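# Fold and geometry: a report
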Amino acid sequence: MPTDPRPLLARLLLRVLLRGKRREFVSGDIEEEYADHILPNLDRTAARRWYWNQVFRSVGSAVPRVLPSRIVHGRKGDGLMSTTLMDMKYALRGLLKTPGFTLVAVLTLALGIGANTAIFSVVYTVLLRPLPFAQPESLVRLWETRVERGWDRASLSRPNFRDYREQNRTFEDLGAFSGMSMNLTGAGLPERVSGARVSAGFFRLLRVEPTLGRTFLRGQDEPGAENRQVLLSNEYWRTRFAADSGIVGQSLTLDGNGYTVVGVLPPGSPWLDYAQVFTPLVRNPEADRENFILAVIGRLAPGASIETARADLESVAQGLQEVYPALAEHGRIGFEMQPANEWIAGDRLRRALWVLLGAVGFLLLIASVNLANLLLARATARQRETAVRAALGAGRGRIVRQLLAESLVLGLIGAGVGLLLAVGAIRLVRVFDPGDIPRLAEISVNVWVLGFTVVVGVLSGVLAGLAPAFQVSYSGLVLALREGDRSVAGGRAQRRLRSVLVGAEVALSLMLLVGSGLLIRSFNEVLRVDRGFQSENRLFFTVTLSPSYADGTRTSDFINQLLVRINSMPQVRTSAAVNMRPIVGGSVGMGILAGGQEATSAESVPWASWRLITGDYFQALGLPLLRGRTFTELDEIGSPWRAIISERLAEMLWPGEEAVGQQAILWAGQNDFPAEVVGVVGNMRERGLDADPTLAVYLPYYGAGWSSVQFLVHASGDPLPLVRTARSMLAELDPNVPLSNVDSFEAMVSDSVATRRFNMVLLLVFAGLALVLALAGIYGVQSYSVARRTSEIGIRVALGATGGNVIKQIAGQGMVPTLVGIVVGSIGALALSRFLSSLLFGIAATDVTTYVAVGLLVAATGLVSCYVPARRAMRVDPAVALREE
């Protein structure tokens, strides 16, 4: 029998490893028993396994006698913390020796952690961070509801608010505010300032203490009281008055009246951060109970819940409906209440932020899985080192701990780099603010965000290190010491684990890609929708008249004079005036019925928005006049009433009939004004591109005393240069009337879909990163597999395998986990699609086109990632491969 050289090679290897220490612990009896009894009676594989197990059993018992214990077990008396720190130091030194691997691993984790940190900072500030008020958990926002009318959230009227405030038993207090704007004059150029009228005690309810001066006192909202007082927001005080500490007591001229500055509010008031000035909300005894203009907040009394407060207010409302029967015409009054944090964010924004946080969570999982694959390949390549550690007495737990320490170090470094990326991402979020993210200025990397980043880094590192740690097996330690045995490093179990990880990456990335694909298609549907109007080369600006123009005739004269001057400019095609801007200006509503028609119930009355316009409004807006005529100066509001309606409303009121010449009942159920329909115009989406075409009623501006006028200018080119000339023309008419809020119509339309664009872009970026990481994982696994199978491939080529056979086999094996990941990811995307449905427009969350397109994209890119390593394998020189074997 030929002498087996392996025992001799093993003894030489152990001598080198022990560096001159005692070598006598490997007994020669093992070789004799192996040669005489074991080798003849067993196949070579079983015989080799028996021999090496005997060798390592001898090594394990002898090493403690020949080496200091600290080499194997750590210093005597060391605790777990000291051992862990020693492991991490060793891991750090090892990572520094492989800078390429370390750089790829850190960047992989940093991308996932940075994205999570950035989105979490937004979620924490907007949704989780307490409001900057005392006891914010007791603050609620409340609305009236009328189920029969279809109103799920309606503002409150002044009389109703006062009754609820005085008669409830579950609130410490209720406060109300109403947005407004005023002209500031007498301090340079006239300026339009935004503001709010607030009830007395409003800021005490919020527990807000002013930076300077005081807030409003009780009784200052009563008629006849000294109520011409004003509070300044902190930002307006700093920018307009240079933070003048002597501002309290000074007088400001607002809408032609003198107001005394009584205080300056502190910074950071998320409820009213849009306002620059605040004045008392003076009670009006003649106010209409059906004029819903007040936003109301309340502070719950100790021990009261939202449910008990709702029942309390509904009891008060029922009593009011018995006293005032007109209140019951729109159905039973109910109440919707929401905690302060939830209301400030809004339901739509909350859903979008949670979706984005889930998306970056998927991205982090993909990064962790990718790192796990890298660490698994690294651990496989270091199996000989691991085997020697085991031979020198290191237990399985000790080896696992060392591997986890390495992944933990990577996780912490990745968290540090990710934190830097997150700081830059937060700045980008501020730059590309979609306009509806509250408390945006407060978003920062604070203690909570830092803690989140550290925890995510630790968990990601540990998660990524589990795969190589659990692959440590003593069964292959002996064979791992054999330098020529490559099959061990590429064992079936490890190949299967790497394939599972690749499939998981593909599945997660496909789910993100499906989500971003749905948002892209939805956004495209929004842009393609029939708007009903034109926005090119058009702009809006606001002119707000002082109370001296309250007379409707004077207002009409002023509007007509300014329109004549604007139309005289050669670049202007046409111009018009309207009381509220489309798309972003909101709308007020009215009930409307066809003449002679009676409402069977409150919900049977169509609810239409209405606007006051001048005659050229439709032409300036690009909205077609389908039938009838537009308004002239003879069509003054209310004498008699004349109206132009949208086509959709005409079809609803007079299906199959001509609407022009018919009589409609305006404000049906309230004032019941009869009006002649003089025209029908095309449908447009007044409330946004993603809203349904509006049921619209247009009334003449002539004779109306509406003070805030929106001017629409349609120019032959860029209209923005015309603003300076328009400002000069306005100053000639009245130097105390400011021109403000200049916006191009295209920018307004773009801003109206800014939130959709923001969500789409972010999710698309995350999905793109996920796809890149997944493809890198596929490519890395295939490249590693090809490198480990060089000898096998060389033998196959030597035996006659063609390049096509090699590519087909290797690429085919690599595509199996990719295809499995596509199937699993598609199922997962279907399961999670319901979370996206509220963010979509014009398509279903189960859109087949999106799923198929994304699946083909992932399959194609996965095939490329498999083909490149397979192509390289085809070029293996059989002679070189066999020589290495």
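Residues numbered from 1 in each chain as written. Predicted model: local features only at pLDDT ≥ 70, side-chain atom pairs only at ≥ 80, totals over all residues. Heavy atoms only, no water.

Our focus in this paragraph is the overall build of the protein. Of regular secondary structure, the protein possesses 27 helices and 22 strands. Here the protein holds 885 residues, and 52% of them are scored as buried. Expressed as a percentage of contacts within the protein between residues at least 6 apart in sequence, the contacts between residues at least 24 apart total 81%. Carbon and sulfur atoms form 57% of the exposed surface of the protein, whose accessible area is close to 39800 Å². (Helix = DSSP H or I, 4+ residues; strand = E, 2+ residues; numbered from the N terminus. Buried < 20%, exposed > 50% of the residue type's maximum accessible area, 1.4 Å probe, protein only. Contact = heavy atoms within 4.5 Å. Areas by Shrake-Rupley, 256 points an atom, 1.4 Å probe, with all protein chains shown as cover.)

Attention now moves to the packing of aromatic side chains. All told, the structure shown has 18 aromatic pairs when counted by the stated rule. Between the aromatic rings of Tyr-164 and Phe-335, the centroid separation amounts to 5.1 Å while the plane-to-plane angle is 80°, which identifies the pairing as edge-to-face. Taken together, the residues span a long stretch of sequence, with Tyr-164 in helix 7 (residues 158-167) and Phe-335 in strand 11 (residues 333-339) at a distance of 171 residues. In this structure, Tyr-164 and Phe-335 share a single accessibility class: buried. Ring geometry for Tyr-617 and Phe-618: centres 5.9 Å apart, planes at 65°, overall edge-to-face. Among the residues examined, Phe-618 registers a relative accessible area of 4% and is labelled buried. Here the aromatic cluster, defined as three or more aromatic residues joined through ring pairs, consists of Phe-120, Tyr-124, Trp-448 and Phe-452. (Phe/Tyr/Trp six-rings, centres within 6.5 Å; stacked < 30°, edge-to-face > 60°.)

In this section: the pattern of salt bridges. Enumeration over the complete set of coordinates arrives at 19 salt bridges. For Glu-336, the salt bridge goes to Arg-153, with nearest N and O atoms at 3.8 Å. One end of the pair, Glu-336, is in strand 11; the other, Arg-153, is in strand 2 (residues 151-154), and 183 residues separate them in sequence. Residue classification places Glu-336 among the partly exposed positions, given a relative accessible area of 26%. When its relative accessible area of 33% is taken as the criterion, Arg-153 is described as partly exposed. With a closest N to O distance of 4.0 Å, Arg-642 and Glu-676 form a salt bridge. Taken together, the residues span a long stretch of sequence, with Arg-642 in strand 17 (residues 641-646) and Glu-676 in strand 19 (residues 673-681) at a distance of 34 residues. Where salt bridges share partners, they join Arg-629, Asp-635, Arg-642 and Glu-676 into one cluster. (Salt bridge = Lys/Arg side-chain N within 4 Å of Asp/Glu carboxyl O.)

A word on helix 22 (residues 745-752). Residues of helix 22 that are buried include every one of Phe-745, Met-748 and Val-749, and no others. Taken end-on, helix 22 shows its buried residues confined to a sector of 95°, consistent with a single buried face. (Arc of directions from axis to C-beta.)

So, on to a nonpolar patch on the surface. A cluster of nonpolar side chains, Leu-412, Val-423, Val-445, Leu-450 and Val-454, forms an exposed patch at the surface whose accessible area comes to about 340 Å². Secondary structure elements with two or more residues in the nonpolar patch: helix 14 (396-431) and helix 15 (447-470). Tracing the chain through its elements places Val-423 in helix 14. (Patch = residues over 30% accessible without salt bridge, like charges linked within 9 Å, V, L, I, M, F, W, Y side chains within 5 Å.)

Turning to the side chain of Asn-759, a few remarks are in order. With respect to the helices and strands, Asn-759 occurs in helix 23 (residues 754-788). Not counting the four nearest positions on each side in its chain, Asn-759 is found in contact with Ala-352, Leu-356 and Leu-519.

The next subject is the nonpolar core. Counting residues in each nonpolar core, the largest one holds 94 residues, and the members touching the most others are Tyr-617, Tyr-698 and Phe-766. Apart from the residues lying within four places of it in its own chain, the contact partners of Tyr-698 are Arg-611, Ile-613, Tyr-617, Phe-618, Leu-623, Phe-631, Arg-642, Ala-643, Ile-644, Val-681, Met-684 and Glu-686. Judged by nonpolar contacts, the second largest core, of 49 residues, contains Leu-563, Ala-643, Ala-704 and Val-709. (Core = buried A, V, L, I, M, F, W, Y, C linked by side-chain atoms within 4.5 Å.)

Packing of helix 7 against helix 10 (residues 306-323) leaves a shortest axis separation of 10 Å and a crossing angle of 125°. Comparing the axis directions of helix 7 and helix 10 gives the class oblique. You can see that helix 7 and helix 10 cross each other, and the crossing is right-handed. Contacts from Asn-160, Asp-163, Tyr-164 and Gln-167 of helix 7 reach helix 10 at Leu-313, Val-316, Ala-317 and Leu-320. Across the contact of helix 7 with helix 10, the residue classes break down as five nonpolar, two polar and one charged. (Axes fitted to C-alpha atoms, helices over the stretch in contact; angles between N-to-C directions. Parallel < 35°, antiparallel > 145°, perpendicular 65-115°, else oblique. Left-handed = near helix turned anticlockwise from the far one by under 90°. Nonpolar A, V, L, I, M, F, W, Y, C, P; charged D, E, K, R; others polar.)

The subject of this paragraph is the packing of helix 18 (residues 552-567) against helix 21 (residues 722-733). Two elements in contact, helix 18 and helix 21, have axes separated by 10 Å at closest approach and are oriented at 140°. Classed by the angle they form, the pair helix 18 and helix 21 counts as oblique. Crossing of helix 18 against helix 21: the hand is right-handed. Contacts between helix 18 and helix 21 involve Phe-558, Gln-561, Leu-562, Arg-565 and Ile-566 from the first element and Met-729, Leu-730, Glu-732 and Leu-733 from the second. When its residues are assigned to classes, the contact of helix 18 with helix 21 shows six nonpolar, one polar and two charged.

A separate point is the pairing of strand 18 (residues 663-666). Strand residues, when the strand is regular, have side chains that alternate between the two faces of the sheet. Bridge count for strand 14 (residues 588-594) against strand 18 is three bridges, and the pairing is antiparallel. Note that in strand 18 the partner of Ile-592 across the bridge is Leu-666. When strand 18 meets strand 19, the two strands line up antiparallel, connected through four bridges. If you follow Leu-666 over to strand 19, its bridge partner there is Phe-673. The antiparallel pairing of strand 18 with strand 19 creates a hairpin that spans six residues between the two strands, and Trp-667 there sits at a positive phi of about 50°. (Pairing = 2+ DSSP bridges.)

The next point concerns the confidence of the model for the protein. Summary statistics for the protein give a mean pLDDT of 80 and a share of 79% for residues scoring 70 or more. Overall, residues 16-27 carries pLDDT values under 50, and its contacts beyond four positions in sequence, including any with other chains, amount to 18 contacts. Note that residues 59-78 has pLDDT below 50 and, in this model, 25 contacts with residues that lie over four places away or in other chains. (pLDDT = per-residue confidence, 0-100.)

In this structure, Arg-207 takes a positive phi of about 65° despite not being glycine. Secondary-structure assignment places Arg-207 in the loop between helix 8 (202-205) and strand 5 (212-213). By relative accessible area, Arg-207 is classed as partly exposed at 34%. Of note, the phi angle at Trp-667 is positive, near 50°, even though the residue is not glycine.

Its 16 residues give helix 18 an end-to-end C-alpha distance of 22 Å, which sits within 8% of 22 Å, the value for a rise of 1.5 Å per residue. Among all positions in helix 18, only Gly-552, Thr-555, Ser-556, Phe-558, Ile-559, Asn-560, Leu-562, Leu-563 and Ile-566 are buried. Packing partners of the buried residues in helix 18 comprise strand 12 (538-544), strand 13 (572-578), strand 21 (708-715) and helix 21. (Expected span 1.5 Å × (residues − 1).)

Now for the environment of Ala-317. Within the element layout of this structure, Ala-317 appears in helix 10. Residues Ala-317 and Ala-328, 11 residues apart in the sequence, show an inter-C-alpha distance of 9.8 Å. Aside from chain neighbours lying at most four places away, what touches Ala-317 is Tyr-164, Ile-333 and Phe-335.

With that settled, the discussion passes to the pairing of strand 17. Most of strand 17 is tucked away, with six of its six residues classed as buried. Bridge analysis of strand 17 against strand 19 gives six bridges, and the strand direction is parallel. Within strand 19, the residue paired with Arg-642 across the bridge is Glu-676.

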